[in-house]
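Topology and contacts: notes
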Amino acid sequence: MREKLIDILASGSPPEAVAWLRGIVASQLGSFEKRPFYYAFSGVSRHFDKRGLVSPSENELSALLRTVPGFTVAGWDQFRLARVVLLLTLAEQPKSTFLETLDALLNTADLREQAAIFSAYPILPHQSKLVESAVDGLRTNIVDVFDAIALDNPFPAEHFSDEEWNQMVLKAIFIGRPLYRIQGIDERANRTLARAISDLAHERWAAGRTITPEAWRSAAPFVDERIAGDVEKVAAGELASDREAAALVVSAARSDRLEPLRGPLETELRGVENGDITWHTLGRSLENR
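Now for a quick tour of the structure.

Non-glycine residue His-126 carries a positive phi angle of around 55°. Take His-126: it is sitting in the loop between helix 7 (111-120) and helix 8 (131-137). Phi at Asp-152 takes a positive value of approximately 55°, unusual for a residue other than glycine. Positionally, Asp-152 belongs in the loop between helix 9 (143-150) and helix 10 (155-159).

What follows is the structure, encoded as structure tokens:
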């Protein structure tokens, strides 16, 4: 995995920066020392371009997915990828050294460094020991750090309890993050979360506010009388995105309670049937507004 990531980094980064990184990796694998590792982790910013995005090929992304399902570096900058390479070097150290050093890094890391650390969780060892710090990280008010944990990251779906998962999804709704980029959003849907989404929607509606149409994705498998009433309200909305979300719920729901909506949503349901309307397309359109 480490060599795959270095190859991706090398394709668009300054050769001297990649040579420096390879030298650090070789040195630390030969004889790991905490202080030089800390300096190197921070020192990435002196060698790579903070504005430079990595450009993995489709084959490279597919190779990563085959190694660790759900893991991707798409959209990463050079800083993040270089630091994740260093973390994979740390990962080869004894468990106590790995966990102590990682904890120290988190305690002193700046925002970009925190994002890199959390991005690496799916490919680091001793993952059960990392859950607590990931949950703590989600309490941040910094969107980039929250996104590193919650979005495009298979770690939460794999390791969070239902309570931890539900808190993450509800916060993502609250701060307006794109839910379609939460891996496992369908597989981890649960009745408690569905009810919490309904409660949140009612709070917002009472205050004259809206809730993202994506929120109903996690409620779709659990349509009861209350949620059916919520979907009716959403279907009657003026926004196309609301009607599309309602159509997606109606299409997937097993409840006859939503059958009366098939007429008013005929156009949107046709779009769902032919694949033009999906939760993914809806999420992307909302994110790109």
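What follows deals with the packing of aromatic side chains. Following the criterion strictly, the structure yields seven aromatic pairs and no others. Relative to Phe-37, the ring of Phe-32 lies with its centre 5.5 Å away and its plane at 50°, an arrangement referred to as tilted. With respect to burial, Phe-32 and Phe-37 carry one shared label: buried. Taken together through their ring pairs, the aromatic side chains of Phe-118, Tyr-121, Phe-155 and Phe-160 make up a single cluster. Here Arg-80 stacks its cationic end above the ring of Trp-76, 5.6 Å away from the centre of that ring. Taking the ring centre of Phe-41 as reference, the NZ or CZ of Arg-83 above it sits at 5.6 Å.

This brings us to the nonpolar core. The biggest cluster of nonpolar side chains holds 99 residues, and the ones touching the most others in it are Leu-5, Tyr-121, Leu-124 and Phe-160. Counting residues per element, this core draws most heavily on helix 5 (residues 78-90), which supplies nine residues. Non-local contacts of Leu-124, meaning those with residues more than four positions away in its chain, are made with Leu-87, Leu-88, Ala-91, Phe-98, Leu-102 and Leu-130.

When the terminal C-alpha atoms of helix 5 are compared, their 19 Å separation across 13 residues agrees well with the 18 Å that a helix rising 1.5 Å per residue should span. Where burial is concerned, most of helix 5 is hidden: 13 out of the 13 residues are buried.

So, about helix 3 (residues 34-43). Regarding helix 3, the residues found buried are Phe-37, Ala-40, Phe-41 and Gly-43. Seen along its axis, helix 3 keeps its buried residues to an arc of 165°; they face one direction. The exposed residues of helix 3 that point more than 90 degrees off its buried face are Arg-35 and Tyr-39.

Attention shifts here to a nonpolar patch on the surface. A contiguous nonpolar surface patch, about 260 Å² in accessible area, is contributed by Val-143, Phe-174 and Ile-175. Tracing the backbone shows Ile-175 in the loop between helix 11 (162-174) and helix 12 (191-206).

Basis of the calculations
- Residues numbered from 1 in each chain as written.
- Predicted model: local features only at pLDDT ≥ 70, side-chain atom pairs only at ≥ 80, totals over all residues.
- Heavy atoms only, no water.
- Helix = DSSP H or I, 4+ residues; strand = E, 2+ residues; numbered from the N terminus.
- Phe/Tyr/Trp six-rings, centres within 6.5 Å; stacked < 30°, edge-to-face > 60°.
- Buried < 20%, exposed > 50% of the residue type's maximum accessible area, 1.4 Å probe, protein only.
- Lys NZ or Arg CZ within 6 Å of the ring centre and 35° of its normal.
- Core = buried A, V, L, I, M, F, W, Y, C linked by side-chain atoms within 4.5 Å.
- Contact = heavy atoms within 4.5 Å.
- Expected span 1.5 Å × (residues − 1).
- Arc of directions from axis to C-beta.
- Patch = residues over 30% accessible without salt bridge, like charges linked within 9 Å, V, L, I, M, F, W, Y side chains within 5 Å.
- Areas by Shrake-Rupley, 256 points an atom, 1.4 Å probe, with all protein chains shown as cover.
- Salt bridge = Lys/Arg side-chain N within 4 Å of Asp/Glu carboxyl O.

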